[in-house]
Amino acid sequence: MTNNDKHTGMANAIRFLSIDAIQKANSGHPGLPMGAADVATVLFSKFMKFDPNTPDWPDRDRFVLSAGHGSMLLYSLLYLLGYEDIDIKQIRNFRQLGSKTAGHPEYGHAAGIETTTGPLGQGIANAVGMAMAERKLADEFGGDIVDHHTYCLVGDGCLMEGISQEAIALAGHLKLNKLIVLWDDNRISIDGPISITDSTDQIARFDASNWKTISIDGHDPEEISSALEEAKLSDKPVMIACRTTIGFGSPNKSGTASVHGAPLGSDEIALTRKALGWKSKPFNIPSEILDDWRITGLRSSQKRKEWEKRFDNTDPEIKGEFQRRMRGDLPTKLETAITEYKRQLAEEKPKKASRQSSQMALEVINGIVDETIGGSADLTGSNNTKTSQTQSITPDDFSGRYIHWGVREHAMAAAMNGMALHGGLIPYSGGFMIFSDYCRTPIRLAAMMGIRVIHVLTHDSIGLGEDGPTHQPVEQLASLRAIPNLLVMRPADTMETAECWQLALESHTSPTAIALSRQALGAVRTEFEAQNRCACGAYELSPASDNAQVSLFASGSEIEIALEAQAGLEKDGIATRVVSIPCFELFQAQSNRYQSNVIGETKVNIAIEAGIRQGWDHFIGSDGIFIGMSSFGGSAPAKDLYDHFGINSQATIEAAKARLK
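The structure presented is a predicted model; accordingly, all values stated were derived computationally and were not measured.

Definitions and cut-offs
Residues numbered from 1 in each chain as written. Predicted model: local features only at pLDDT ≥ 70, side-chain atom pairs only at ≥ 80, totals over all residues. Heavy atoms only, no water. Pairing = 2+ DSSP bridges. Helix = DSSP H or I, 4+ residues; strand = E, 2+ residues; numbered from the N terminus. Axes fitted to C-alpha atoms, helices over the stretch in contact; angles between N-to-C directions. Contact = heavy atoms within 4.5 Å. 1 Å grid on protein atoms, 1.4 Å probe; cavity = no way out; pocket = protein on both sides within 12 Å on 5 of 7 lines; lining within 4 Å. Points joined across faces, edges and corners; volume = space filled by probe spheres on them. Nonpolar A, V, L, I, M, F, W, Y, C, P; charged D, E, K, R; others polar. Buried < 20%, exposed > 50% of the residue type's maximum accessible area, 1.4 Å probe, protein only. Arc of directions from axis to C-beta. Salt bridge = Lys/Arg side-chain N within 4 Å of Asp/Glu carboxyl O. Parallel < 35°, antiparallel > 145°, perpendicular 65-115°, else oblique. Left-handed = near helix turned anticlockwise from the far one by under 90°.

**Some words on the sheet that holds strand S18 (residues 576-580)**
The strand order across the open sheet built from five strands is S16-S18-S17-S19-S20, with neighbouring strands paired in mixed fashion. Two strands lie at the open edges of the sheet, namely strand S16 (539-542) and strand S20 (625-627), each paired on one side alone. Within this sheet the neighbouring strands show an average axis-to-axis angle of 30 degrees, counted without direction. Where strand S17 (residues 550-554) meets strand S19 (residues 604-608), five bridges bridge the pair, whose relative direction is parallel. Its bridge partner being in S19, alanine 554 is matched across the sheet by isoleucine 608. Strands S16, S17, S18 and S19 of the sheet are contacted by helix H21 (residues 559-571), whose axis makes an angle of about 170 degrees with S18.

**A word on the layout of surface pockets**
Taken as a whole, the largest pocket encloses approximately 680 Å³ of empty space. Tyr107, Met326, Ala420, Leu421 and Gly423 are, among the 29 residues lining the largest pocket, the residues nearest its centre. For the lining of the largest pocket, the secondary-structure elements that each account for two or more residues are helix H13 (316-327) and helix H17 (409-422). Taken together, the residues of the lining of the largest pocket sort by class into twelve nonpolar, nine polar and eight charged.

**Some thoughts on the sheet that holds strand S2 (residues 150-154)**
Across the sheet, five strands lie side by side as S1-S2-S3-S7-S6; this open sheet has parallel pairing. Edge positions in the sheet fall to strand S1 (62-65) and strand S6 (212-217), since each has one partner strand and no second. Within the sheet, the average angular offset between the axes of one strand and its neighbour, ignoring direction, is 20 degrees. Relative to S2, S1 is paired through four bridges, and the arrangement is parallel.

**Notes on helix H11 (residues 287-297)**
Where H11 is concerned, the buried positions are Ile289, Leu290, Asp292, Trp293, Thr296 and Gly297. Angularly, the buried residues of H11 cover 155 degrees about the axis, an arc narrow enough to put them on a single face. The exposed set on the far side of H11, more than 90 degrees from its buried face, consists of Ser287 and Ile295.

**Here we look at the pattern of salt bridges**
Here the structure, examined in full by the defined rule, presents 31 salt bridges. Aspartate 396 is the salt-bridge partner of lysine 175, the closest N and O atoms lying 3.1 Å from each other. Placement of the pair is lysine 175 in the loop between helix H7 (162-174) and strand S3 (179-185) and aspartate 396 in the loop between helix H16 (380-383) and strand S10 (402-404), with a sequence separation of 221 residues. With relative accessibility at 33%, the residue lysine 175 sits in the partly exposed group. Residues joined in a network through salt bridges with shared partners are Glu140, Glu321, Arg324, Arg325 and Glu371.

**Concerning the packing of helix H5 (residues 122-141) against H17**
At their nearest, the axes of H5 and H17 sit 6 Å apart, and the two run at 55 degrees to each other. Here H5 is positioned oblique relative to H17, judged by the angle of their axes. Note that H5 runs across H17; the crossing there is right-handed. Counted together, Gln122, Ala125, Asn126, Gly129, Met130, Ala133, Glu134 and Leu137 of H5 and His410, Ala411, Ala414, Ala415, Asn417, Gly418, Met419, Leu421 and His422 of H17 form the full contact between these two elements. Its residues assigned to classes, the contact of H5 with H17 comprises nine nonpolar, seven polar and one charged.

Purely geometric stuff here, so don't read any function into it on its own.
Next comes the structure, spelled out in structure tokens:
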């Protein structure tokens, strides 16, 4: 058997596993796996560094299938290479309930799936984040421990999405030369030829973004191999344009939109088998071809053993630190440092905007947790995400711990996902809360994957004032709270902010969004308590003087209003309690008994938040009173806006008294 025959057999194994699984499911996208099989075969058989028997090897190369609709390409590879999680049963159960082979690759379902992709463009930005993490950790721990590449397969749709430009511009600027993007240039989308929607010269676009570009025939194994060899020598990130035929091998459907997102059908499958000389029945791989793939799976085991030997001989302190960080464990000193910091806050009782309180907490955290890596979308001075320990990362110096993301919120959030998935770093970033809408898809995917990324979202209400309704979040808090497994925290003062940061860092399986004010907030927690009261999501901040008639529920900057209203009502003989609710999600995770005790049974329940009502009925009931927003904001000083929209203590007092009549 010649090398070309061997390659063809291995590539066809990918094609027919994909064809047959999609046909059995009567659902899926066969075109990409059929067209990109040659590229994937060369990449995994000759270049990728990985070990199916030790799939979490820290120094493995990462492969991201940004064009996640072509998921059967990845699942076929994992089965053929011998990854334990994907056996032939999983291939047969493609897209079925409970299978590991979901319609789009899902992180955590099986080893070898490095990230969840499907929404186009997310994967390429994840890959940029992974390459950034590799570069940062290599700078810190050295090339003997960290020295690997990130490969990303993209389609035309990925490159049409705006996030791709944000991601490639940043990667080119940072000279991420261990990032190699393989473009499946098949010139077909669901609606038909790419020419009906796009005329972009992608090569020129990447060239302009400071990438090296190479154009090849994506079905010629020698050209593919030569391009990858050249790419690995580059001092820039590399995009290889692989000209392919979508649905390669299908006599009647190849090169057309009909093969993009639907099964071939039994008749066309029979013709394709004949055209490619594939005589095996569905889901059967000839033993010699399967052997070739399984041997390929073992190709890097020696490199992994050599790495382990080098690692074992590493200085014990460095070795221990690297292992801790890759496990995701926090330094043991952090809890004590936070406790002492809270003791200091109880004494000083600072009045600060919670964005400033966040920076104060980060100053403590970043001095102990070396793996935090901060940043901002061109709003560093507003977000307050930079501390004395976080020098700026530059294209030629990755020793810092702060990333200037530029005005690229979407790519920033997705690249943070990639950094967290890579391991060894805890990324946090800053942006205005209103622009969390730009970050929504990667935030949602982070929640779906259950990874630790932290979004610092400042200017969280009409309290930002004069910038007006275009910049004032109204529905954003509720919108973020609607995302499952996302912790949305809105602290009321410096003490709560410190506690929220501690909880965010300890949250290994949920991302966190911390909503912070522009305006100064007085201290509402003035006594030291070692316990993290925010950990329960809600708690009684200020009890009533007697049996309470009114319960006031609030978060963040509106806690001050609640306390002022409490004082006014108590002065008039109306017993009133105040409940602080820094995190809905943590509260709803508590026992029913705890929740009932915190909510209480008062005659009047009032919620106060400078956002919309959605979500608050859990606390106040459908007949409760909501003091907040039901429209967009306005351009004026913050106090004027709060009074204009009736979000103040007087309105709260009047509403309570009216309900008690």
